[in-house]
Amino acid sequence: MVPLEMVLITGMSGSGKSVALHALEDAGYYCVDNLPPELLAPFVALEQQNGARKVAIAMDVRSATSLPLVPGQLREFRNAGVVLHSLFLDASTETLVRRFSETRRLHPLSRTDASDQHRALVDAIELERELLGELREQAHVLDTSMIRSSQLQGYVKSLISAPAQQLTLVFESFAFKRGVPLDADYVFDVRMLPNPHYEAGLRQLTGRDQPVIHYLQGHAEVDDMFRHIEQFLRHWLTALARDHRSYVTVAIGCTGGQHRSVYLVESLTAAFEAEWRTIKRHRELDGQ
C-alpha cells in the first residue's frame, strides 16, 4: 500500500500560504485551505480510506484555540507511516505590515476599535508569532520577505520533492543590504572577501560565470572560507540528521548577493550533493 504524502502549510498571515497552496495544487496535491485542527485526523483517515496519494493542508491563526493539538497529531501521523512535510511561511514584521496596508485587508487578530491602526496591526502580528511559535519550531521555515510569488512556488516544489525521512541541505545566497533570511539555520558573512564588483569586467556577471569563478579561485582567502564552512558542516551534519532534522538551511551573504555568496553556494552544493540531498537558492538572482 502506497503511504499517504501530506504537506502541512502554516505560517504568518500575509506570508504567502495561498501562493504555496496553489503551487502544490499544480503539483497534483488535493488541497484544503484553513482546515480546523479538530478535523485534521478525520480528514486524513478519510483520504487514506479513499486511496488518496497526495494531500496538502493549510492552517493559520484563525484556528488559534485548537492549534496546540497539531504537534501531537503530526507525531501520530508520522508513526502511522504518513510521509509528512511541514512548512512554515514567515516574513519580517515590516514586510507583513506593508502587505496588509497595500491590500487593505484586516489581520485576523487586529482590533477594529483601536485608535492607532498601525500599532494595532504590529501588535496583532507579534501576537500571531507567539501563538504559532511551537508550529514554527517543528517545521521547515521559508522566509518570503524578499521573494516573488514565482520564487515561492518554485521553492515549495523543490522542498516537497526531497525525501521527508532524509536530511536535506539548503544552500542560499543573499544580499545583506536586503536583510538576512529569517529561515536560515546558519548564516555566514563573506563580505570581507575580495569583491568582483570592483572589477569593471566582472561587475555585471555573477558567481556562476567563469570569469568571476576564476577571479575568486585566485584568492587564497576565498578558498579558506569555503574550507572552513565545509569542515563545519561535515562535522555537524551527522549529528543534525540524528536529531531528526528534515532540512538545514545554510545562508551565505555578501553585499549584493551576486558574486561571492553565489560562488560559494554553487561550490558548497557541488561539494555536498554526492553525500546529501541538496537544494540551492539564490535569493537575489532567482527574482530577476
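In this report, we go over the structure that sits alongside the text. (Residues numbered from 1 in each chain as written. Predicted model: local features only at pLDDT ≥ 70, side-chain atom pairs only at ≥ 80, totals over all residues. Heavy atoms only, no water.)

## Observations concerning the overall build of the protein chain
Step number 1: Of regular secondary structure, the protein chain possesses 11 helices and nine strands.
Step number 2: On C-alpha atoms alone, the protein chain measures out to a radius of gyration of 21 Å, which is about the 19 Å that the 2.2 N^0.38 rule sets for 288 residues.
Step number 3: Reported as C-alpha extents along the three principal axes, the dimensions of the protein chain are approximately 60 × 55 × 30 Å.
Step number 4: Expressed as a percentage of the 288 residues in the protein chain, the buried residues total 52%.
Step number 5: For the protein chain, the proportion of contacts with a sequence separation of at least 24, taken over those separated by at least 6, is 79%.
Step number 6: As presented, the protein chain carries roughly 14,000 Å² of accessible surface, and 49% of it is formed by carbon and sulfur atoms. (Helix = DSSP H or I, 4+ residues; strand = E, 2+ residues; numbered from the N terminus. Rg over C-alpha atoms; globule rule 2.2 N^0.38 Å. Buried < 20%, exposed > 50% of the residue type's maximum accessible area, 1.4 Å probe, protein only. Contact = heavy atoms within 4.5 Å. Areas by Shrake-Rupley, 256 points an atom, 1.4 Å probe, with all protein chains shown as cover.)

## Considerations on the layout of surface pockets
Step number 1: Estimates place the volume of the largest pocket at around 770 Å³.
Step number 2: Looking at the largest pocket, it is lined by 27 residues, and the ones nearest its centre are Gln138, His244, Arg245, Ser246 and Tyr247.
Step number 3: Contributing elements (two or more residues each) for the lining of the largest pocket: β4 (83-90), α6 (133-137), β5 (140-143) and β8 (247-254).
Step number 4: The greatest single-element share of the lining of the largest pocket, amounting to four residues, is contributed by β4.
Step number 5: Residue classes in the lining of the largest pocket are distributed as 11 nonpolar, nine polar and seven charged.
Step number 6: In this structure, the second largest pocket occupies an estimated 210 Å³ of space.
Step number 7: The wall of the second largest pocket is formed by 13 residues, among which Gly14, Lys17, Asp60, Arg62 and Arg105 lie closest to the centre.
Step number 8: Of the residues contributing to the lining of the second largest pocket, the split by class is three nonpolar, five polar and five charged. (1 Å grid on protein atoms, 1.4 Å probe; cavity = no way out; pocket = protein on both sides within 12 Å on 5 of 7 lines; lining within 4 Å. Points joined across faces, edges and corners; volume = space filled by probe spheres on them. Nonpolar A, V, L, I, M, F, W, Y, C, P; charged D, E, K, R; others polar.)

## Concerning the sheet that holds β8
The strands that make up a sheet pair up through hydrogen bonds in the backbone, lying either parallel or antiparallel.
Step number 1: Strand order across the open sheet formed by four strands is β7-β8-β6-β9, with parallel pairing between neighbours. At either margin of the open sheet sits one strand with a lone partner, and together these are β7 (186-189) and β9 (277-282). Averaged over all adjacent pairs, the angle separating strand axes in this sheet is 20°, with direction ignored.
Step number 2: One ladder, built from eight bridges, connects strand β6 (residues 168-175) with β8; its direction is parallel. Bridging across to β8, Phe174 finds its partner in Gly253.
Step number 3: The sheet strands contacting helix α9 (residues 220-242) are β6, β7 and β8, and the helix crosses β7 at an angle near 170°. (Pairing = 2+ DSSP bridges. Axes fitted to C-alpha atoms, helices over the stretch in contact; angles between N-to-C directions.)

## Thoughts on the side chain of Ser15
Step number 1: The residue Ser15 is located in the loop between β1 (5-11) and α1 (17-26) in this model.
Step number 2: Among the polar contacts made by the side chain of Ser15, one reaches the main-chain carbonyl oxygen of Met12 at a distance of 2.6 Å.
Step number 3: When neighbours within four sequence positions are excluded, Ser15 is seen to be in contact with Leu89, Asp90, Leu96, Arg99, Thr144 and Leu152. (Polar contact = N/O pair within 3.5 Å; in protein donor to acceptor, adjacent residues only side chain to side chain.)

## Concerning the packing of α1 against helix α7 (residues 149-160)
Step number 1: Here α1 crosses α7 at 55°, and the two axes come no closer than 9 Å. In terms of orientation, α1 and α7 fall into the oblique class. Of the two possible hands of crossing, α1 and α7 adopt the one that is right-handed. Judged by residue contacts, Val19, Ala20, His22, Ala23, Leu24 and Asp26 of α1 engage Ser149, Leu152, Gln153, Val156, Lys157 and Ile160 from α7.
Step number 2: Among the residues making up the contact of α1 with α7, the classes are represented as seven nonpolar, three polar and two charged. (Parallel < 35°, antiparallel > 145°, perpendicular 65-115°, else oblique. Left-handed = near helix turned anticlockwise from the far one by under 90°.)

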